Amino acid sequence: MAKTNALRLIEQAGIPCREAFYEFDESDLSGLHAARAIGLPPEQVFKTLVARGERGGILVFCIPVCCELDLKKAAKAAGEKKVELVHVKELLGLTGYIRGGCSPVGMKKKYPTYMDETAILFEEIAVSAGARGHQMILPPEPLARFVQAELLDLTET
C-alpha cells in the first residue's frame with residue numbers, strides 16, 4: 001500500500017512510527033473492529049472525530065475507540081457553549097479524509113485539536129494513517145505536539 005500523506009508527515013517530523021494494516025468491512029468501520037484487527041486494546045486505539053462549535057469553527061477530537069465523546073467536555077475544552085459532530089457527508093470536504101480513515105495528521109486545514117488525556121498512559125497509541133484499514137502506531141506525546149493537541153478529559157464516564 002502506498003504511503004499516506006499522514007504517514008509521510010509523521011516520518012518527516014522524525015516521530016518513530018510503525019504501521020498496521022487490516023481488512024476493513026464497509027458495514028463495520030468501527031474503531032473496535034480496527035483495534036481487534038491490529039491486536040491492540042481498544043483503550044490504546046484512538047478515533048478521530050470532527051465537530052463544529054456553536055460559533056461555526058471546526059474542531060478535532062481524538063479519543064479511545066471504546067469511549068464516547070462527552071460533548072459538554074468537548075465544548076468546554078474548545079471554549080464553546082456547545083459542539084456537535086459534523087455530518088459524515090461533510091467529512092471529506094473539511095478534512096480530506098473519509099469516514100473510517102480520518103487521521104488527526106494531515107487534514108486539509110489546521111483545526112484546533114484535542115486528545116483524550118488517557119493517551120499518555122501508553123507508550124504507543126494507534127491512530128488512522130489516513131486510509132481505511134491502515135493505522136499508525138506511535139508515541140502519544142510527540143503526536144500531540146505535532147498536531148498541537150491539548151490533552152484533556154474528553155470522554156463520558
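The preceding data block contains the structure.
Here the structure is a predicted model, which is why all the values come from computation and not from measurement.

Criteria and cut-off values
Residue positions are given per chain, counting from 1 as you read along its sequence in written order. Selection of residues for local features in this predicted model requires a pLDDT of at least 70, selection of side-chain atom pairs for listing and counting requires 80 or more, and totals for whole chains, interfaces and linings are taken over all residues. No hydrogens and no water enter the side-chain calculation; it runs on all heavy atoms of the structure. The helix and strand labels rest on DSSP assignments: H or I over at least four residues marks a helix, E over at least two residues marks a strand, and numbering proceeds from the N terminus. Burial classes follow relative accessibility: with a 1.4 Å probe on protein chains only, a residue under 20% of its type's maximum area counts as buried, one over 50% as exposed, and anything between as partly exposed. The contact rule is simple, with two residues in contact once any of their heavy atoms fall within 4.5 Å. Directions drawn from the helix axis to the C-beta atoms are what define this arc. Throughout this description, a polar contact denotes any pair of N or O atoms lying within 3.5 Å of each other; where both atoms belong to protein, one of them has to be capable of donating a hydrogen while the other can accept it, and for residues adjacent in sequence the pair is counted only when both atoms sit in side chains.

A. Up close: the environment of Gly79. Position of Gly79 among the secondary structure elements: in the loop between helix 3 (71-78) and strand 4 (83-85). What makes Gly79 partly exposed here is its relative accessible area of 49%. Each C-alpha atom of the pair Gly79 and Gly53 lies 8.8 Å from the other, and the pair is 26 residues apart in sequence.

B. Structural view of the environment of Tyr114. Examined against the element boundaries, Tyr114 turns out to sit in strand 5 (residues 113-116). Sequence separation between Tyr114 and Val147 is 33 residues, and the spatial gap between their C-alpha atoms is 9.1 Å. In contact with Tyr114, other than residues within four places in its own chain, are Leu59, Val60, Phe61, Cys62, Ala77, Ala78, Ala149, Glu150, Leu152 and Leu154.

C. Seen up close, helix 3. Of all the positions in helix 3, only Ala74, Ala75, Ala77 and Ala78 are classed as buried. Angularly, the buried residues of helix 3 cover 160 degrees about the axis, an arc narrow enough to put them on a single face. Residues Lys72 and Lys76 are exposed on helix 3 and point more than 90 degrees away from its buried face. Residues of helix 3 that are buried sit in contact with strand 3 (58-64), strand 4, strand 5 and strand 8 (149-152). By the N-cap criterion, in which a side-chain oxygen at the helix start approaches the backbone nitrogen of a residue two or three places on, helix 3 is capped by Asp70, the distance to Lys72 being 2.9 Å. Gly79 lies just past helix 3 and shows a positive phi near 70 degrees.

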